[in-house]
Amino acid sequence: MEYIADESQLILHTPFKATYKEKPIVLFKTNKGIFAMEDRCSHEDFPLSESLSSDTEVSCQLHGSTFDLASGKPKSLPALFPVKTYQVTITEGKIFVSD
Amino acid sequence: MQSQKNSIKKEEYTYGFHDKESKFGKPLKGLSKEVIHMISDRKNEPDWMREIRLRAYDIFLSKSLPDWGADLSEIDFNDIYYYIVPDEKLKRNWDEVPVKVKQTFERLGIPEAERKFLAGVEAQYDSESVYSSLKEEWINLGVIFMSTDEAVQKYPDIVKQYFGTVIPSADNKFAALNTAVWSGGSFVYIPEGVEVKIPLQAYFRINAKSMGQFERTLIIAEKGSIAQYVEGCTSPIYEINSLHSAVVEIIVNEGARIRYTTIQNWSKNVYNLVTKRAAAYKNATMEWVDANLGSYKTMKYPSVYLLEEGARGEVLSIAFATDGQHIDSGAKMIHAAPNTSSLITSKSISQGTGRATYRGLVKVHPVANNTKVNVTCDALLLDKTSRSDTYPDMQIDNADTAVQHEAAVSKVSEEQLFYVMSRGLKGDDAMAMIVNGFIEPIAKLLPLEYAIELNRLIQLEMEGSVG
Ligand code: FES
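The rules behind the values
Residues numbered from 1 in each chain as written. Chains lettered and ligands numbered in written order. Predicted model: local features only at pLDDT ≥ 70, side-chain atom pairs only at ≥ 80, totals over all residues. Heavy atoms only, no water. Helix = DSSP H or I, 4+ residues; strand = E, 2+ residues; numbered from the N terminus. Contact = heavy atoms within 4.5 Å. Areas by Shrake-Rupley, 256 points an atom, 1.4 Å probe, with all protein chains shown as cover. Axes fitted to C-alpha atoms, helices over the stretch in contact; angles between N-to-C directions. Parallel < 35°, antiparallel > 145°, perpendicular 65-115°, else oblique. Salt bridge = Lys/Arg side-chain N within 4 Å of Asp/Glu carboxyl O. Buried < 20%, exposed > 50% of the residue type's maximum accessible area, 1.4 Å probe, protein only. Phe/Tyr/Trp six-rings, centres within 6.5 Å; stacked < 30°, edge-to-face > 60°. Polar contact = N/O pair within 3.5 Å; in protein donor to acceptor, adjacent residues only side chain to side chain. Pairing = 2+ DSSP bridges.

A. Region of interest: the overall build of chain B. When helices and strands are counted, chain B shows 11 helices and 19 strands. A separation threshold of at least 6 residues defines the contact pool for chain B, and within that pool the share at least 24 residues apart is 85%. Carbon and sulfur atoms make up 49% of the accessible area of chain B, which amounts to about 18,500 Å² in all.

Laid out in structure tokens, this is it:
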């Protein structure tokens, strides 16, 4: 489990770029919780941190594939494979990420 | 794959300058949020569709034109009508229709009423009598076949679930443009296990305003269903606008089979920039049969995403580029599951200063074991000035793939012509015979009346082609 940021640093639906195990990840705070995923679209590697999210999804800016924030699964083409997602734990306003 | 992608909060789409005054006013040239609101108002659309449009408009502005394919730099997006109220369609006099277009109608034997519709003189062509008996048959089978506008009103849940899931608006600049301003196109839903024997033809739905510059078609074939959809006709479609940008999304569920046939002949001032894509699931088959004639520049690459085991995709296309035209077309096959197969057969003909380009992509992902790929592209050059290019891209990331690829460019030689002419044919007819023979493998897949029209059209194009 790695400390990533303070909850107060996150803005609703706005991407928060970070690194986890030296890999770029992105956090999204939504009305459904805080989600962490690899910052790389499974289609052609475009950073997902370029997009705003909804409460449950994020759409890649480059070709529009939409991913479920919780599972990382694509909900639209052209992406075919899921984006890796991470466990988020919040303790006393601090956000931790784990596999 | 489900879609709830219209996810960004509503407040972000509340734009300040929604001008109610212009609601049913004169058609507006150029693209703006005002035009999009006008379209949505006129169609009395639900908010979710208005939001999809507005978001697509932002995406359209943010994307640049493709830096490959046909040269599109001359398109003036501000000089186009993005929505013309069907009943107030810009009327034009029969006299204004170019003589060449009129002659082609004449030679093809297009009926009077239809000629006027196709030339934009009449806003509607009454085909209701032919259509209504078929309509009843489809209703009895549980098939839904209507304009996409109507489907947004009558079946919002199905449209919402699938719209933009196969081709998101951010896919490319023209998909974004279409999503922002789409109008017309067909919505087809085929229930599980249903076979529709008579091809569903957009042609019969002219009254439902199926033809247009920015039509949007969505076809959902449920498990085990079978249907054929046919769009277009061979007569030249003469448009006041010079841009046609359609989007066609097809979902072929387990064991279903869809053939989508297009035969279009745009007038030679039209940019024809179309995105067509199908998602094929387990043991499903998707076939695109595509005949591209006319237009100034065409860019069109029907694709099939083979998403589950046993899915099969086919693209069979004919492109015919005559003087001044550039037809850049091809196919895409994405193999993302084991035991999938694809077949691409492309035939192109270039004449005079015409240029036909084949551009294709086959991608086999590492998970796609035991995949079969077959690509054949044949180009026929009719004279010394015509040009043909081929850009086949094969990305095979699985060693367990059988690939067959053939490409051939041939020229109609003096000897060939002489041989056919020695059988008693005139030069033009001989050339037409050679061309018709060349496209025959694909033409025979067209419904008979279309194949006959295509033959006649090629004959017309060949006039004056030989000495
Ligand atoms: S890179 Fe994200 S959809 Fe293409």
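B. Focus on unusual backbone geometry. Residue and element names in this part refer to chain A. The peptide bond linking Leu 77 to Pro 78 adopts the cis configuration, its omega dihedral lying at 5°. With respect to the helices and strands, the residue Pro 78 is situated in the loop between β6 (66-68) and β7 (85-91). The phi dihedral of Lys 21 falls on the positive side, at around 50°, and the residue is not glycine. Along the polypeptide, Lys 21 turns up in the loop between β2 (16-20) and β3 (23-30).

C. Expanded view of the packing of helix α9 (residues 414-421) of chain B against helix α10 (residues 427-443) of chain B. Residue and element names in this part refer to chain B. The contact between α9 and α10 brings their axes to 9 Å, and the two run at 110°. Viewed along their axes, α9 and α10 adopt a mutual orientation that is roughly perpendicular. Residue-level contacts link Gln 416, Leu 417, Val 420 and Met 421 of α9 to Gly 427, Ala 430, Met 431, Met 433 and Ile 434 of α10.

D. Here's a closer look at the pattern of salt bridges. Taken as a whole, this structure holds 25 salt bridges over all chains when the rule is applied. Between A:Glu57 and A:Lys75 there is a salt bridge; the shortest N-O distance is 3.1 Å. Remark: A:Lys75 occurs in the loop between β6 and β7 and A:Glu57 occurs in strand β5 (residues 57-59); sequence separation between them is 18 residues. Take A:Glu57 and A:Lys75: they sit in the same class, and that class is buried. One salt bridge in this structure joins B:Arg259 and B:Glu287, with 2.6 Å as the shortest N-O distance. Residue B:Arg259 is found in strand β8 (residues 257-266), and its partner B:Glu287 is found in strand β10 (residues 285-294); the two are separated by 28 residues along the sequence. Shared partners join several salt bridges into a network, and the residues in it are B:Glu231, B:Lys276, B:Asp290 and B:Lys300.

E. Representation of the packing of aromatic side chains. Residues and elements named next belong to chain B. Under the criterion given, the structure shown has 13 aromatic pairs over all chains. Relative to Phe 187, the ring of Tyr 155 has its centre 6.4 Å away and its plane inclined at 15°; by these criteria the two rings are stacked. Here Tyr 155 is found in the loop between α6 (148-154) and α7 (156-162), whereas its partner Phe 187 is found in strand β2 (residues 186-190), with 32 residues between them in sequence. Tyr 155 sits in the partly exposed class, given a relative accessible area of 30%.

F. Focus on the environment of A:His13. Residue and element names in this part refer to chain A. Along the chain, His 13 turns up in the loop between β1 (2-6) and β2. Residue His 13 is classed as buried on the basis of its relative accessible area of 5%. A C-alpha to C-alpha distance of 18 Å links His 13 and Ile 90, two positions 77 residues apart in sequence. Within the local environment of His 13, its side chain forms a polar contact with the side chain of Asp 55, the two groups lying 2.7 Å apart.

G. Representation of the sheet that holds β3(A) within the structure. Residue and element names in this part refer to chain A. Within the open sheet, the six strands sit side by side as β1-β8-β7-β4-β3-β2. Their pairing is antiparallel. Two strands bound the open sheet, and with one partner strand each, they are β1 and β2. Taken pair by pair, the neighbouring strands of this sheet meet at an average axis angle of 35°, ignoring direction. For strand β4 (residues 33-38) and β7, the ladder comprises two bridges, and the chain directions are antiparallel. By the bridge assignment for β7, Ala 36 is matched with Tyr 86.

Taken by themselves, the reported measurements are silent on function.
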